[in-house]
Amino acid sequence: MLIGRSSIRLWVAAVLAAIAIAVALWQLSATRSGLEIRTESVGATPVTIYRAAGTETAPVVVIAHGFAGSQQLMQPLALTLAQNGYVAVTFDFLGHGQNPKPLTGDITREAGATQALLAQLEDIIAFAKALPLSQGKVALLAHSMGSDIIVRAANSDPDIAATVAISMFSNEVGADNPRNLLMIVGGWEGGLKAEALRMLGLGREGSVEEAATYGQFDQGTARRVVFADAVEHVGVLYSAETLAETVDWLNAVFMRTSEHRLAIWGPWLGLLFLGAVALAWPLSHLLPRVSERSGGSPVGWPPFLLLAVLPAIGTPLVLTFIPISFLPVLVGDYLAVHFGLYGLLTLAGLWIQGGQSAGRFNTRKIPAVLAIILVAAFSMIAIIWPIDAFVTALAPIASRLPLLGVMFVGMLPYFLGDEWLTRRYAAGRGRYLVTKLCFLLSLVIAIVLNTEQLFFLIIIFPVIVIFFIIFGLFSSWSYRATGHPLVAALANAVVFAIAIAGSFPIIEG
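Definitions and limits used
Residues numbered from 1 in each chain as written. Predicted model: local features only at pLDDT ≥ 70, side-chain atom pairs only at ≥ 80, totals over all residues. Heavy atoms only, no water. Helix = DSSP H or I, 4+ residues; strand = E, 2+ residues; numbered from the N terminus. Rg over C-alpha atoms; globule rule 2.2 N^0.38 Å. Buried < 20%, exposed > 50% of the residue type's maximum accessible area, 1.4 Å probe, protein only. Contact = heavy atoms within 4.5 Å. Areas by Shrake-Rupley, 256 points an atom, 1.4 Å probe, with all protein chains shown as cover. Lys, Arg positive; Asp, Glu negative; His and termini not counted. Charge placed at Lys NZ, Arg CZ, Asp CG, Glu CD. Salt bridge = Lys/Arg side-chain N within 4 Å of Asp/Glu carboxyl O. Pairing = 2+ DSSP bridges. Axes fitted to C-alpha atoms, helices over the stretch in contact; angles between N-to-C directions. Parallel < 35°, antiparallel > 145°, perpendicular 65-115°, else oblique. Left-handed = near helix turned anticlockwise from the far one by under 90°.

When its secondary structure is counted, the protein shows 16 helices and twelve strands. A compact globule built from 509 residues would reach a C-alpha radius of gyration of about 23 Å, and the protein, at 25 Å, matches this within 12%. Viewed in the frame of its principal axes, the protein has a C-alpha envelope of about 80 × 55 × 45 Å. Taken across its 509 residues, the protein has 57% of its residues classed as buried. Restricting to contacts in the protein with at least 6 residues of sequence separation, those with at least 24 account for 74%. On the protein, roughly 21,100 Å² of surface is accessible, and the fraction owed to carbon and sulfur atoms is 64%. Here the protein contributes 30 positively and 32 negatively charged side chains, and the mean placements of these two sets differ by 16 Å.

A few words now on the pattern of salt bridges. Per the counting criterion, the structure on display carries ten salt bridges. As a salt-bridge pair, K129 and D159 come within 3.1 Å of each other at their nearest N and O atoms. With K129 in helix α4 (residues 110-130) and D159 in the loop between α5 (145-156) and β7 (160-166), this pair connects stretches of sequence that are 30 residues apart. For D159, a relative accessible area of 42% translates into the label partly exposed. Connected via shared salt-bridge partners are K129, D157 and D159.

This next bit is on the sheet that holds strand β4 (residues 87-91). Hydrogen bonding along the main chain pairs the strands of a sheet, whether they run parallel or antiparallel. Strand order in the open sheet formed by eight strands is β1-β2-β4-β3-β6-β7-β8-β9, with mixed pairing between adjacent strands. At either margin of the open sheet sits one strand with a lone partner, and together these are β1 (35-42) and β9 (223-228). Shown here is a sheet whose adjacent strand axes are inclined to one another by a mean of 20°, direction ignored. Across four bridges, β7 lies against strand β8 (residues 181-186) in parallel orientation. By the bridge assignment for β8, V164 is matched with L182. Lying on the sheet, helix α7 (residues 240-254) is in contact with β3 (60-64), β6 (138-143), β7, β8 and β9; it crosses β7 at an angle near 165°.

A few words now on the packing of helix α15 (residues 457-482) against helix α16 (residues 485-503). Packed helix pairs are specified by the crossing angle of their axes together with the interaxial distance, meaning the distance between the axes. Across the interface, α15 lies against α16 with an axial gap of 8 Å and an inter-helix angle of 155°. With respect to α16, the element α15 is oriented roughly antiparallel. Both α15 and α16 take part in a crossing whose hand is right-handed. On the side of α15, the interface is formed by F467, F468, F471, S475, S478, Y479 and T482, while α16 contributes P485, V487, A488, N492, V495, F496 and A499.

Right under this line is the structure:
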């Protein structure tokens, strides 16, 4: 136990981690100071309104997120605009976040999902115009997929005074429409940078340059492209350059001035998650001992590599010949089946190889249940809750609970097999890393074999990598403390199931 050991290192780590978490939460909360934030609904659509306390009149900026995002992802921009005198309105697109209604229609056709999203946005714009504060002055801002939707809305609505498109891809931009267009692209988004410059040059002779403003604000023809330094497709939303350029652009459009108060979240989110991960190490020493290892020794690399590589190759090859479409969640059903089959192949290999004999143990049931609850609860509080509060929606709403059950069934075999393989059967340095690289390789093979259907798996790659790192540390520490791979296996299966069931867009039709 932590107290019994009187370990100075553990206490120091715990105190420093707690301080880091407290400072990060304090700084993140400070960006809300002086603001009034309230939630409403436009039909079934959840809406959040941000404004400075005491604001009497101000232009309203409707803010739309991108594909597989949610309104939480747009908070730094909403808070920044509110702190600079604007009214910001965020919302969840159909099938995303906390919106209970699915996105309908083919997402690859303009006549399908695009029209459903556009109709929804038009309802939000009407709501924004009707706010007593707005006096009819409205601008639009969006990221990625949402940028195409706001461009279409702005082109058909002469009341839209400005459009801010971040990481935009759209075929609807013209030389003079939409009005007063600012395009912001992450410095690491090569293809989108070239496309933004192409759109900036529409109707203009000669070359155009980044960070130069063309046209006239009073005529609605102003155009500008900015490359936010050293950020990618998501990081661009947290960039100080993105926030400052957005405020400057809207101030120029609406002829306003402001104090340039920016909601800089990136460093504080990093500190928050770093503190949460660091806190897990000393707290893991409080977990009860579940079992003691007896009999057998971990095997060498050759049999381990055989069990690690075969599922990575076999899973995507087998699933290529099986049509998988039983959930209204984009690629979520495939991902659940991929995890599940991969895990079953690993468990079957362990059984054939006699892997259980390498790690016989007696399980203490009550300590095991307690340890599983504690590890899962910590993961939820330290990782899932901050992501849901400050990054993107993860907490599943009622309509997503069946999805959560399906995802858990798919995740459990994988984490059972992986924990037994890397902690019991073939324990040793580097084994966990190898199995994770093999799993990522299996997803790459799946995408190559069926790019048309599984392309969107690319979106979740960075998230899976980050989760593997974080929860790999958690599982290592919990195994050392409890002596049983079941603890981390169940806890990780719950966390991954929640992350996928809560964040993937629901699409029907």
